[in-house]
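One-letter residues, chain by chain:
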Amino acid sequence: MASSHRSEMIVRQDSPANLEFPFETLSDRLTPPGQFYVRSHFPVPELSAADWRLDISGLTRQPLSLTLADLHAMVSHTVTVTLECAGNNRSFLTPKVDGVAWDLGAVSTAEWTGVPLSAVLERAGLQAGVQEVVLCGADRGCLYEPVKTPGIIAYERSVPLQKARSDVLLAYAMNGQPLTAQHGFPLRAIVPGWYGMASVKWLRGIHLTDTPFQGFFQTLDYSYWEQSGPLSPQMTPLSAMQVKAQIARPAAGETVAAGQPYSVTGAAWTGEAEITGVEVSTDGGLTWAEAELTDPPEAHVWRRWQYLWQAPNTPGQVTLLARATDSAGCTQPSEHAPGRGKYMITFPLPVTVLLE
Ligand SMILES: Nc1nc2c(c(=O)[nH]1)N[C@H]1C(S)=C(S)[C@@H](COP(=O)(O)O)O[C@H]1N2
Ligand SMILES: [Mo]
């Protein structure tokens, strides 16, 4: 990533680079090149396109090893997908929790080009009983917080076979350009509608198994306590994104002219459904008004929205909130459920501005 771009990003961590898109600059549907957020657990692995291989192993009919040229020779697909880190908005949690303190910008949208995972699975052939597809990254290392890894581990994460076959993309290009090093060169997974942790970067292997994958980033990290049924909550890997709206403008702390119209703008997204509505409150959540969705609905892509606010004449502080609803009838909870821990932070986020 060019340093001129990087300076426009909010640096949450230098090394490995964890960079946030300055969400208050949201204007285009696609996040500008070089401003797509970056979330990495280990240093970027050095991979050369010439030596790189994608190995498909486990319960295949035949083991397969593909070069980048092999993948380029297959039928390509291009999709627009919004990725959000499951820890986005973590800075809004009180008391403070472990992990990168993301504000609003661990979410971005790009156009991804590559080969459907289903086509690669078809080429390898599946043995009976495959349940999960493990996506293996080439990056590795040791982590100490919040829990210590069992020695050096790689970034690995699985998706159920059904999801793997439906719409997972093995992407080699982002917005028409080869993937940059930080976004997973030469190949990454894009798992539409799921939190970003499933979209494994720097892919080196695909492993087919008949048992649930129990790796570090599947169980100890990127999991939450799900309450379903009569038993106590169970630790469950994070998967689909939950419905959310965020306000881009005004930004928190902005001064807004009293008595003037102000165009409140933002974006809203969800997992496996479509955004059907966004409401805005300009009185701290007492009353809500319908915002206008300015993008057409498209699966797995955020919809920008706007709301024309007549700012009151009285100077002072005002708190704005936004909340979205999707076609599955889901909306945002008013509070953060404890079982979600440091992930899936989807209560409406307060944006307090000064009327002057
Ligand atoms: N190999 C590898 N893949 C990875 C990660 C990683 O650290 N290593 N981070 C994951 C997480 S948590 C997120 S949110 C997304 C971020 O993708 P981006 O950096 O392209 O925005 O990549 C995912 N894929
Ligand atoms: Mo993430």
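Rules and cut-offs
Residues numbered from 1 in each chain as written. Chains lettered and ligands numbered in written order. Predicted model: local features only at pLDDT ≥ 70, side-chain atom pairs only at ≥ 80, totals over all residues. Heavy atoms only, no water. 1 Å grid on protein atoms, 1.4 Å probe; cavity = no way out; pocket = protein on both sides within 12 Å on 5 of 7 lines; lining within 4 Å. Points joined across faces, edges and corners; volume = space filled by probe spheres on them. Nonpolar A, V, L, I, M, F, W, Y, C, P; charged D, E, K, R; others polar. Domains from an automatic or database assignment. Contact = heavy atoms within 4.5 Å. Buried area = accessible area lost by both parts, 1.4 Å probe. Salt bridge = Lys/Arg side-chain N within 4 Å of Asp/Glu carboxyl O. Phe/Tyr/Trp six-rings, centres within 6.5 Å; stacked < 30°, edge-to-face > 60°. Helix = DSSP H or I, 4+ residues; strand = E, 2+ residues; numbered from the N terminus. Buried < 20%, exposed > 50% of the residue type's maximum accessible area, 1.4 Å probe, protein only. Lys NZ or Arg CZ within 6 Å of the ring centre and 35° of its normal.

Per an unreviewed UniProt entry, the recorded name for the protein chain is Sulfite oxidase, and the organism is Deinococcus oregonensis.

Colleague: Residue-level account of the layout of surface pockets, with values.
Modeller: Here the largest pocket defines a volume of roughly 310 Å³. Along its surface, the largest pocket is lined by 19 residues, and Arg39, His41, Gly99, Val100 and Glu145 are the ones closest to its centre. The residue makeup of the lining of the largest pocket, split by class, is eight nonpolar, five polar and six charged.

Colleague: Can you tell me about the domain arrangement of the protein chain, naming the residues and giving the values?
Modeller: For the protein chain, the assigned domains are domain 1 (10–237) and domain 2 (244–355). Of note, the centres of domain 1 and domain 2, computed from C-alpha atoms alone, are 28 Å apart. Domain 1 puts 38 residues into the contact, and the matching count from domain 2 is 30 residues. Surface buried jointly by domain 1 and domain 2 totals about 2,800 Å² across both partners, of which 58% is contributed by carbon and sulfur atoms. Here domain 1 and domain 2 share four salt bridges between them. The partner of lysine 163 in a salt bridge is glutamate 272, and the shortest N-O contact between them spans 2.9 Å.

Colleague: Residue-level account of the packing of aromatic side chains, with values.
Modeller: Counted under the stated rule, the structure contains 11 aromatic pairs. Taken together, a centroid distance of 6.3 Å and an interplanar angle of 75° make the contact between phenylalanine 23 and tryptophan 302 edge-to-face. Note that phenylalanine 23 is positioned in the loop between β2 (18–20) and β3 (38–39) and tryptophan 302 in the loop between β21 (292–293) and β22 (303–310), a separation of 279 residues in sequence. Assigned by exposure class, phenylalanine 23 and tryptophan 302 land together as buried. Ring geometry for tryptophan 269 against tryptophan 302: centres 6.0 Å apart, planes inclined by 50°, an arrangement best described as tilted. Of this pair, tryptophan 269 sits in strand β18 (residues 261–269) while tryptophan 302 sits in the loop between β21 and β22, and the two are 33 residues apart along the sequence. Tryptophan 302 gets classed as buried once you look at its relative accessible area, which sits at 1%. Among the aromatic residues, those joined into a cluster by ring pairs are Phe21, Phe23, Trp269 and Trp302. The ring of tryptophan 288 has arginine 323 sitting right over it, with the charged end atom 3.9 Å from the ring centre.

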